[in-house]
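Here's the letter readout for the chains.
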Amino acid sequence: MTQAYFNVKNRVAAPVTLVAVSKTYFAVDIRPVLEAGQRVFGENRVQEAQEKWPALKHEYPDVKLHLIGPLQSNKAADAVALFDVIQTVDRTKIAEALAKETKKQKRDLQFYIQVNTGSEPQKAGILPEAADQFIIDCKEKYGLNVVGLMCIPPVNENPVPHFKMLAQIAKRNSLAELSMGMSSDFEIAIGAGATVVRVGSAIFGSRQITK
Ligand SMILES: *Cc1c(COP(=O)(O)O)cnc(C)c1O
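Nothing here was measured: the structure is a model prediction, and the numbers come from that model.

S.K.: What exactly am I supposed to notice about the overall build of the protein chain here?
M.R.: When helices and strands are tallied, the protein chain shows eight helices and nine strands. For 211 residues, the compact-globule formula gives about 17 Å, and the C-alpha radius of gyration of the protein chain, at 16 Å, lands near that figure. Each principal axis of the C-alpha atoms in the protein chain carries an extent, and together these give about 45 × 45 × 30 Å. Within the span of the protein chain, comprising 211 residues, buried residues form 50% of the whole. Sequence separation of at least 24 residues holds for 57% of the intrachain contacts in the protein chain that already meet a minimum separation of 6. Entry remark: accessible area of the protein chain is about 10500 Å², with carbon and sulfur atoms responsible for 52%. Counting 26 positive and 22 negative side-chain charges, the protein chain places the averaged centre of each group 2 Å from the other.

In structure tokens:
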């Protein structure tokens, strides 16, 4: 279930990693999805993930956990200890904190740079015009294992131009992974080249609380 083959027009059939977004859901809801064979999960808050995932990871040691929400530098140590992939690297302070912690804890994580493709003032992510230099800094200055890019397009906007912009930035920086597409638009994202989709409500049902 983790890797599915999609065959969309204009896209070579290639594996797409499904990140099952389990935020707001408890272990009792997550366990059936684990039993069905899903092994890649996403959470958007470090503290919430700490409350439910250490026990589940103990039961299912091959689980890969992705952080898909904003990270504060005072939570970097906890995030590095628990997560396998951090998709939301978007500023120098976080890159520095993650570099320090991965070395200290001798952990081998993968990182994605989050790009604010809509240049929305309130939204996380590096601005598109600053992305190239930030990617270089993360790799060369901080030594982070950067594998791809992530975006959350503005709501109520056609996501396609945003997906295309992310794909272009990834291509010119030789990054293989593109994390884009959620429950409402993952098929469109796959058509635009997504290699990773983050799907919550389409798997777990609609959330009571929006986080
Ligand atoms: C919650 C969330 C998702 C999943 O959203 P759904 O609409 O439930 O599929 C994907 N990405 C991020 C960053 C999220 O916070």
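S.K.: Before we go on, may I ask you to explain the nonpolar core in this structure?
M.R.: The nonpolar side chains of soluble globular proteins are, as a tendency, buried together. Within the largest apolar cluster, 57 residues are counted, with the highest numbers of intra-cluster contacts made by F41, I86, V89, L98 and L144. Among the elements that make up this core, the one with the highest residue count is helix α4 (residues 92-105) (five residues). Ignoring any residue separated from it by four or fewer positions in sequence, one finds I86 in contact with L67, L71, A79, L98, L109, Q110, F111 and Y112. Core analysis: the next-biggest nonpolar cluster, separate from the first, contains nine residues, V40, I68, Y112 and V196 among them.

S.K.: Quick question: what am I supposed to make of the side chain of N173 here?
M.R.: Tracing the sequence through the fold places N173 in the loop between α6 (160-172) and β8 (177-179). Given the relative accessible area of 11%, N173 is considered buried. A polar atom in the side chain of N173 sits 2.8 Å from the backbone oxygen of I169. For N173, the residues in contact, after removing those within four places along its chain, are D132, I135 and K139.

S.K.: Hey, could you run me through the pairing of strand β9 (residues 196-199) in this one?
M.R.: Because side chains alternate across β9, one face comprises the buried residues V196 and R198, and the other comprises V197 and V199, equally buried. Here four bridges tie strand β2 (residues 14-21) to β9, and the two strands are oriented parallel to one another. Bridge pairing in β9 places A20 opposite V199.

S.K.: What exactly am I supposed to notice about the site of the ligand here?
M.R.: With respect to spatial proximity, the complete set of residues near the ligand consists of V21, K23, I68, M150, I152, M182, S183, R198, V199, G200, S201 and R207. The side chain of K23 places a nitrogen or oxygen atom 2.7 Å from an oxygen atom of the ligand. The separation between an oxygen atom of the ligand and a polar side-chain atom of R207 is 2.8 Å. With the chains in place, 89% of the 390 Å² that the ligand exposes on its own is no longer accessible.

S.K.: What's the story with the packing of helix α1 (residues 27-35) against helix α2 (residues 46-59) in this structure? I'm lost.
M.R.: The relative placement of two packed helices is expressed as an angle between their axes plus a distance between the axes. The geometry of α1 relative to α2 is characterised by a closest axis approach of 11 Å and an angle of 30° between their N-to-C directions. Between α1 and α2, the interaxial angle falls into the category roughly parallel. With respect to the hand of their crossing, α1 and α2 are arranged in right-handed fashion. Listed contacts from α2 to A27, I30, R31 and L34 of α1 are K52, W53, L56 and E59.

S.K.: Teacher, can you tell me more about the pairing of strand β3 (residues 40-43) here?
M.R.: Within a regular strand, the side chains alternate between the two sheet faces. Side chains V40 and G42 project from β3 onto one buried face, and the interleaved F41 and E43 project onto a second face that is buried too. Note: β3 against strand β4 (residues 64-67), four bridges, orientation parallel. Bridge pairing links F41 to L65 in β4. For the segment spanning β3, α2 and β4, crossover handedness is right-handed.

The rules behind the values
Residues numbered from 1 in each chain as written. Predicted model: local features only at pLDDT ≥ 70, side-chain atom pairs only at ≥ 80, totals over all residues. Heavy atoms only, no water. Helix = DSSP H or I, 4+ residues; strand = E, 2+ residues; numbered from the N terminus. Rg over C-alpha atoms; globule rule 2.2 N^0.38 Å. Buried < 20%, exposed > 50% of the residue type's maximum accessible area, 1.4 Å probe, protein only. Contact = heavy atoms within 4.5 Å. Areas by Shrake-Rupley, 256 points an atom, 1.4 Å probe, with all protein chains shown as cover. Lys, Arg positive; Asp, Glu negative; His and termini not counted. Charge placed at Lys NZ, Arg CZ, Asp CG, Glu CD. Core = buried A, V, L, I, M, F, W, Y, C linked by side-chain atoms within 4.5 Å. Polar contact = N/O pair within 3.5 Å; in protein donor to acceptor, adjacent residues only side chain to side chain. Pairing = 2+ DSSP bridges. Near = heavy atom within 4 Å. Axes fitted to C-alpha atoms, helices over the stretch in contact; angles between N-to-C directions. Parallel < 35°, antiparallel > 145°, perpendicular 65-115°, else oblique. Left-handed = near helix turned anticlockwise from the far one by under 90°. Right-handed = clockwise from strand over helix to strand, strands pointing away.

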